[in-house]
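Listed below are the residues making up each chain.
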Amino acid sequence: LSDAANSLDVVTIEDATLDDIPRMTELLAVLFEQEEDFVPNPEKQRGGLRMLLNQPASGRVFVARSDGDIVGMVALLFTVSTVEGGRVAWLEDVVVAPELRGAGVGSKLVRHVLAFARQNGVKRINLLTDQVNTGAQRFYKQLGFQRSEMALYRWHSNRHAERS
């Protein structure tokens, strides 16, 4: 990336396309290597991204570009909340290329998502981050997110046998 790429002014946020999947898969590998609960699996990541991009009603994926190169990404996944009485979303896969971390790309991506959510009637956005990742927690708090008292529990079809 050129020196100009270090300027936030040259970073644009756009809807991801199917052609962006290879680079987004690389970025997801960087993200999943640093998260406790996940292991990169390019085939699964490509499949999930393709599914999201082909079904915009289930979510949106945005990329940050600098000089034509993808330098970051974020996904917003939609669901319905009976508490909110409408559409809510999960913020996932916020990742910036390591060489541009701290340059404001992540903030620009998340602010874009927040504006998109407001314009599209999303009433609440949830997100998860590793409990030990205090840097990410600080980042989200600075952007207006608040810690929830809810505890995450997970069921995974590949890890639990059905009981009869």
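My aim in this report is to walk through the structure given alongside it, one point at a time. Just so it is clear, the model here is predicted, and its values are computed rather than measured.

Of the pockets and cavities examined, the second largest pocket occupies roughly 190 Å³. Considering the residues around the second largest pocket, the lining is formed by Leu 114, Ala 117, Arg 118, Val 122, Lys 123, Arg 124, Ile 125, Leu 143, Gly 144 and Phe 145. Ranked by residue count, the leading element in the lining of the second largest pocket is helix H3 (residues 105-119), at three residues. By residue class, the composition of the lining of the second largest pocket is six nonpolar, one polar and three charged.

Okay, the packing of aromatic side chains next. Applying the stated rule across the entire model yields four aromatic pairs. With a centroid separation of 5.7 Å and 45° between ring planes, the pair formed by Phe 32 and Phe 38 is classed as tilted. The exposure class assigned to Phe 32 is buried, which follows from its relative accessible area of 11%. Centroid distance Phe 139 to Tyr 140: 5.0 Å. Interplanar angle 70°. Geometry classified as edge-to-face. Using a relative accessible area of 11% as the deciding quantity, one classes Tyr 140 as buried. Grouped by ring-pair contacts, the aromatic residues Phe 139, Tyr 140 and Phe 145 constitute a single cluster. The ring of Phe 78 has Arg 87 sitting right over it, with the charged end atom 3.9 Å from the ring centre.

About the cut-offs
- Residues numbered from 1 in each chain as written.
- Predicted model: local features only at pLDDT ≥ 70, side-chain atom pairs only at ≥ 80, totals over all residues.
- Heavy atoms only, no water.
- 1 Å grid on protein atoms, 1.4 Å probe; cavity = no way out; pocket = protein on both sides within 12 Å on 5 of 7 lines; lining within 4 Å.
- Points joined across faces, edges and corners; volume = space filled by probe spheres on them.
- Helix = DSSP H or I, 4+ residues; strand = E, 2+ residues; numbered from the N terminus.
- Nonpolar A, V, L, I, M, F, W, Y, C, P; charged D, E, K, R; others polar.
- Phe/Tyr/Trp six-rings, centres within 6.5 Å; stacked < 30°, edge-to-face > 60°.
- Buried < 20%, exposed > 50% of the residue type's maximum accessible area, 1.4 Å probe, protein only.
- Lys NZ or Arg CZ within 6 Å of the ring centre and 35° of its normal.

This is a description of form; function is not addressed.
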